[in-house]
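# Topology and contacts: notes
Listed here are the chains, written in short residue letters.
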Amino acid sequence: HEAIAKIADFCRARKDVCFHTATLPQAAILHGAESFYARNVPLYQYQPGTDPIEGALHMLTELHVSTDVLTEDAGRAFLGEYPLSVLPEQSFVDEELRKRLRAYVEGGGHLFLSGTDAAGLWPDLVGARPRGGLVEKGVFLEVGGEAVGLAGAWQPVEPAAETEVLAYRLNQQEPSRNLTD
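The notes below deal with the structure included here. From a predicted model like this one, the values you see are computed outputs, not experimental measurements.

Take the overall build of the protein chain next. Within the protein chain one finds eight helices and nine strands. For the protein chain, the share of sequence-separated contacts (at least 6 apart) that also reach a separation of at least 24 residues comes to 57%. As displayed, the protein chain offers around 12100 Å² of accessible surface, 56% of which is attributable to carbon and sulfur atoms. The centroid of the 15 positive side-chain charges in the protein chain is displaced by 2 Å from the centroid of its 26 negative side-chain charges.

Below, the structure written as structure tokens:
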């Protein structure tokens, strides 16, 4: 109760400048029902089905980006209003939304795709195709001259000829040695 009271006090102190306002459409996270239910166990709980959505939301809010979470239907209706759309680990996307997302990108919209199956589902938008099986161990990426460890499964890919590769995963924690593709 004390934590909720603190949150309520925080919200009430800002009510005059926030109440009845609209969000600035900077980024949309698309939340698909079929991907949610395929990932979720047990059926009537939120996690782990919402984990990718929450992860994307935390990432964008940490970057101070105004973000809305949209269902598939809302995504179809309002996609063009957002300069950035995020599809976090959404393995099941219906054909109509796929077409709209492609048109969105062709029209200048920015689409951030994540998940081990993104290159297999969207090779033309990712700019790469899967190569081999999943890497089921954590990897390291070079960031600012240092190795940053990242957990989870990874899909090796073969970049398309026109794709600019920004970073390669490392075999170990020394950025200057053993670069892999």
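Moving on from the model shown.
Looking now at the sheet that holds strand β6 (residues 139-143). Strand order in the open sheet formed by three strands is β7-β6-β9, and the pairing between neighbours is antiparallel. Only two strands of the sheet have a single neighbouring strand rather than two, namely β7 (146-150) and β9 (169-170). As judged from the five bridges shared by β6 and β7, these two strands associate in the antiparallel manner. Bridge pairing in β7 links Val 143 to Glu 146.

So, on to the environment of Glu 96. Residue position: Glu 96 is located in helix α6 (residues 95-106). Classification of Glu 96 as partly exposed rests on a relative accessible area of 41%. Each C-alpha atom of the pair Glu 96 and Lys 137 lies 35 Å from the other, and the pair is 41 residues apart in sequence.

Attention shifts here to the sheet that holds strand β3 (residues 84-88). Pairing in this open sheet of four strands is parallel, and the strands run β2-β1-β3-β4 from one edge to the other. Only two strands of the sheet have a single neighbouring strand rather than two, namely β2 (67-71) and β4 (110-114). The sheet shows a mean angle of 25° between the axes of neighbouring strands, direction not considered. The sheet contacts of helix α4 (residues 51-62) involve β1 (27-31), β2 and β3, and relative to β1 the element is tilted by about 170°. Lying on the sheet, α6 is in contact with β1, β3 and β4; it crosses β4 at an angle near 130°.

Another point: a nonpolar patch on the surface. Together, Met 59, Leu 63 and Phe 112 make up an exposed nonpolar region whose accessible area comes to about 290 Å². Residue Phe 112 is classed as partly exposed on the basis of its relative accessible area of 41%.

Another aspect to go through is the nonpolar core. Among the nonpolar cores identified, the biggest contains 15 residues, and Leu 30, Leu 70, Leu 87, Val 93, Leu 101, Leu 113 and Trp 122 are the most heavily contacted of them. Of all the secondary structure elements, the ones that give two or more residues to this core are β1, α6 and β4. If we ignore the near neighbours within four places in the chain, the residues touching Val 93 are Leu 87, Arg 98, Leu 101 and Trp 122. Counting six residues, the second largest nonpolar core, distinct from the first, contains Ile 29, Ile 53, Leu 60 and Val 86.

Backbone geometry places His 64, a non-glycine residue, at a positive phi of 60°. Position of His 64 relative to the elements: it lies in the loop between α4 and β2. Residues other than glycine seldom take positive phi values, yet Glu 89 does so here, at roughly 55°. Its place among the elements puts Glu 89 in the loop between β3 and α6. Exposure remark for Glu 89: the relative accessible area of 34% places this residue in the partly exposed category.

Rules behind the numbers
Residues numbered from 1 in each chain as written. Predicted model: local features only at pLDDT ≥ 70, side-chain atom pairs only at ≥ 80, totals over all residues. Heavy atoms only, no water. Helix = DSSP H or I, 4+ residues; strand = E, 2+ residues; numbered from the N terminus. Contact = heavy atoms within 4.5 Å. Areas by Shrake-Rupley, 256 points an atom, 1.4 Å probe, with all protein chains shown as cover. Lys, Arg positive; Asp, Glu negative; His and termini not counted. Charge placed at Lys NZ, Arg CZ, Asp CG, Glu CD. Pairing = 2+ DSSP bridges. Buried < 20%, exposed > 50% of the residue type's maximum accessible area, 1.4 Å probe, protein only. Axes fitted to C-alpha atoms, helices over the stretch in contact; angles between N-to-C directions. Patch = residues over 30% accessible without salt bridge, like charges linked within 9 Å, V, L, I, M, F, W, Y side chains within 5 Å. Salt bridge = Lys/Arg side-chain N within 4 Å of Asp/Glu carboxyl O. Core = buried A, V, L, I, M, F, W, Y, C linked by side-chain atoms within 4.5 Å.

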